[in-house]
Amino acid sequence: MGTPDFAVLPLESILAAGHEVAGVFTQPDKPKGRGYELAPPPVKVCALARGLTVYQPQTLKDGAALEILRALQPDVIVVAAYGKILPKEIIHLPKYGCINIHASLLPKYRGAAPIQRCILEGETQTGVTVMYMDEGLDTGDMLIKESTPIGPDETAGSLHDRLAQMGAALIADALSLLENGTAPREKQDGSLSCYASMLDKSISRIDWNKTSLQVHNQVRGLNPWPSASSVLNGKTVKIHKTKCSAMAGEPGTVLSIEPLTVACSDGAVEILELQLEGKKRMNAADFLRGHKISPGQRFG
C-alpha cells in the first residue's frame, strides 16, 4: 500500500527480494496539470509495469477493501506513504500484521511531513523506521531503523530521495526478519514524540525577523514544495536556494546585490536561486540582469 515516488523503490525492493506481491493498493488517479487530466500515482505506474494487480479504493472504511484483502490472504501488508488511515480490521488481518516505512527516527516526527519538518526544525540527523502499525498515528512498536546525517544545505527533495532508497533496503531486511521469526519489537517512548503536520502554502512566507539559519532551513525544508517565498516590489518571489551570510542590517533589507544578500535578525542570507511569479526559476546573477534591485530595498 503506497502512493507517491517515496513508495516506488520499496515496492521494487520487495519484488527484487523474491516476495510475491498479491496486490497493490494506491490512491485513485487525480487530475493533474493545466488540462486536469487524470494521472495515475507513481506506485500504480510501477505496479502495472511489473504486471501486478492494482486496487484504488476511494475509502477503506466501507468494508469493500477488507473483503478484497480477505480474498488475497496476505501474510503481511507493507505500507509506505499510502495516504489513507487503515481500519483496525485491516491492521489485524495479516499473519504478520501491517508494517509501515516511516521517514523519520521514531518517535520523533510522527505524521505526514517528517522529511520537511525535520529540516525546518534544523535537525542534523534523521532516518527511516520500519514499524508495526497499530491504531495510533505512527505509534506502533519499532521493528528496525537506520539513521543518516542531514547535510547543512540539503533540501527536502534530495533528502526524500535518499530516505526512499534507505526505506527500500530496510523493508527487504524487515521482511527477512519476519520470515525468519527473528523480528524484534521495540516500544516507542511517547514522551520523546513530536508531530510533523502536513505542509500547505501558508508556511511559505519568510519572516525576515527570524535568524539567518531559520530562514535558510525554511528555504531548503520547503524545496521543492511549497517553496519559501517573499514579496518584492509588490510581487511574490519564490526563493529556492540560499546560504547564510555574516552581513548584518535591518531584517528584510537588501544589503548587497553582489551577491544578492538580505538581512535577517542575526545576520543575513545570500539568495542563490529565485523565481518571480509567472517566471522561470533562475540563479541570482541572471535574475539581477533582468530585474533592477538596489541595496536598501525591502523584501516583505
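For every chain, the first residue of the written sequence is number 1, and numbering continues from 1 onward in sequence order. Reporting of local features is limited, given that this is a predicted model, to residues whose pLDDT is at least 70; pairs of side-chain atoms are given and counted only at 80 or more, and all residues count toward the totals for whole chains, interfaces and linings. Hydrogens are left out, water is left out, and the side-chain values use all remaining heavy atoms of the structure.

Peer 1: Before we go on, may I ask you to explain the nonpolar core in this structure?
Peer 2: It is characteristic of soluble globular proteins that their nonpolar side chains tend to be buried jointly. To form a nonpolar core, buried Ala, Val, Leu, Ile, Met, Phe, Trp, Tyr and Cys residues must be joined to one another through side-chain atoms within 4.5 Å. Three exposure classes are used, based on accessible area relative to the maximum for each residue type with a 1.4 Å probe and protein chains only: buried under 20%, partly exposed in between, and exposed over 50%. Among the nonpolar cores identified, the biggest contains 37 residues, and L11, V24, I99, I101, V130, L163 and I171 are the most heavily contacted of them. Among the elements of the structure, α1 (8–16), α2 (42–49), β6 (98–102), α5 (114–120), β8 (125–132) and α6 (156–180) are those that each provide at least two residues to this core. No other element matches the 10 residues that α6 contributes to this core. The contact rule is simple, with two residues in contact once any of their heavy atoms fall within 4.5 Å. Dropping the residues within four chain positions of it, V24 is found in contact with L11, V43, A47, L52, T53, V54 and Y55. V219, I239, V269 and A284 belong to the second-largest nonpolar core, a separate cluster that totals 20 residues. Strands here mean DSSP runs of E at least two residues long; helices mean DSSP runs of H or I at least four residues long; both are numbered from the N terminus.

Peer 1: Help me out: how do you make sense of the sheet that holds β6 in this one?
Peer 2: Whether parallel or antiparallel, the strands of a sheet pair through hydrogen bonds between backbone atoms. Whether two strands pair comes down to DSSP finding at least two bridges between them. With mixed pairing, 4 strands are arranged side by side in an open sheet as β5-β6-β8-β9. What marks the edges here is a single partner per strand, and that holds for β5 (77–79) and β9 (142–149). The sheet shows a mean angle of 15 degrees between the axes of neighbouring strands, direction not considered. The sheet contact formed by β5 and β6 spans 3 bridges and is parallel. Across the sheet, residue V78 finds its bridge partner in β6, namely I99. Note on definitions: angles span 0 to 180 degrees between N-to-C directions of axes, and those axes are lines fitted to C-alpha atoms, for helices only across the stretch in contact.

Peer 1: Where do I start with the pattern of salt bridges in this structure?
Peer 2: Pairing is possible between side chains of opposite charge, provided their charged atoms come close. By definition, a salt bridge exists where a carboxyl oxygen of Asp or Glu is found within 4 Å of a side-chain nitrogen of Lys or Arg. Inspection of the entire model under this criterion finds 10 salt bridges. For the salt bridge of R162 with E154, the shortest nitrogen-to-oxygen distance reads 2.8 Å. Residue R162 is classed as partly exposed on the basis of its relative accessible area of 27%. R289 is the partner of D286 in a salt bridge, and the nearest nitrogen-oxygen pair spans 2.2 Å. With D286 and R289 both in helix α8 (residues 284–290) and 3 residues apart, this pair spans about one turn of that helix. Judged by its relative accessible area of 34%, D286 is partly exposed. If you follow the salt bridges from partner to partner, you end up with D141, R185 and K187 in one network.

Peer 1: Would you mind showing me how to read the side chain of S230 here?
Peer 2: Secondary-structure assignment places S230 in strand β11 (residues 228–232). Polar contacts, as counted here, are pairs of nitrogen or oxygen atoms within 3.5 Å of one another; within protein the pair requires one atom able to donate a hydrogen and one able to accept it, and residues that are adjacent in sequence qualify only if both atoms are side-chain atoms. A polar atom in the side chain of S230 sits 3.0 Å from the side chain of W208. Setting aside anything within four residues of it in sequence, one finds S230 in contact with R205, W208, K235, T236, V237, I239, F299 and G300.

Peer 1: So what exactly am I meant to see when it comes to the environment of G252 here?
Peer 2: For G252, the location among the structural elements is in the loop between β12 (235–245) and β13 (254–257). Those residues in contact with G252 that lie beyond four places of it in its chain are W208, V262, A263, Q297, R298 and F299.

Peer 1: Explanation requested: the pairing of β8 in the structure shown.
Peer 2: Each regular strand shows side chains that alternate between the opposite faces of the sheet. Of all the 8 residues making up β8, 7 are buried; the element is thus mostly covered by neighbouring parts of the structure. Sheet analysis places β6 next to β8, joined by 4 bridges and oriented antiparallel. Its bridge partner being in β8, N100 is matched across the sheet by M131. Bridge analysis of β8 against β9 gives 7 bridges, and the strand direction is antiparallel. Opposite V128, over in β9, you have E146 as the bridge partner.

Peer 1: Mind showing me how you'd approach the packing of aromatic side chains here?
Peer 2: Given two aromatic rings, one states the distance between the centres and the angle between the planes to describe the pair. Any pair of Phe, Tyr and Trp rings, taking the six-membered ring for Trp, is counted once the centres come within 6.5 Å. Such a pair is stacked with planes under 30 degrees apart, edge-to-face with planes over 60 apart, and tilted for the rest. This structure, assessed with the given rule, holds 2 aromatic pairs. By definition here, charges over rings are those cases where NZ of Lys or CZ of Arg is within 6 Å of the ring centre and within 35 degrees of the ring normal. R185 extends its terminal NZ or CZ atom over the ring of Y132, reaching a point 3.8 Å from the ring centre.

Peer 1: I would appreciate a short explanation of the packing of α1 against α6 in the present structure.
Peer 2: In a pair of packed helices, the angle between the axes and the distance between the axes together describe the arrangement. Orientation of α1 relative to α6, taken along the N-to-C sense of each, is 35 degrees, at an axis distance of 8 Å. In this structure, α1 meets α6 at a crossing whose hand is right-handed. Residues L9, P10, S13 and I14 of α1 form the contact with α6, whose own contacting residues are A164, Q165, G167, A168, A169, I171, A172 and L175. Under this grouping Gly is polar, as are all residues other than the nonpolar Ala, Val, Leu, Ile, Met, Phe, Trp, Tyr, Cys and Pro and the charged Asp, Glu, Lys and Arg. The class makeup of the residues in the contact of α1 with α6 is 9 nonpolar, 3 polar and no charged. Here is the rule for handedness: rotate from the far helix to the near one, and if that takes an anticlockwise turn smaller than a right angle the crossing is left-handed, while a clockwise turn gives right-handed.

Peer 1: Help me understand unusual backbone geometry in this model?
Peer 2: Leave glycine aside and you will find that most residues have negative phi; peptide bonds, for their part, are mostly trans. The omega torsion across W225 and P226 is 5 degrees, close enough to zero to call that bond cis. The omega angle of the peptide bond from E258 to P259 is 0 degrees, so this bond is cis rather than trans. Positive phi, close to 55 degrees, is recorded for Y36, a residue that is not glycine. Assignment of secondary structure puts Y36 in the loop between β2 (30–32) and β3 (37–39). Non-glycine residue D138 carries a positive phi angle of around 60 degrees.

Peer 1: Just to check I follow, could you spell out the packing of α1 against α2 for this structure?
Peer 2: For the pair α1 and α2, interaxial distance at closest approach is 9 Å and the crossing angle is 25 degrees. Here α1 is positioned roughly parallel relative to α2, judged by the angle of their axes. Once α1 is placed against α2, the crossing between them reads as right-handed. Contact with α1, carried on its side by V8, L11 and E12, involves P42, V43, C46 and A47 of α2 and no other residues of that element. A per-class count over the contact of α1 with α2 returns 6 nonpolar, no polar and 1 charged. With respect to orientation, any angle under 35 degrees is reported as roughly parallel, any angle over 145 as roughly antiparallel, any angle of 65 to 115 as roughly perpendicular, and every other angle as oblique.

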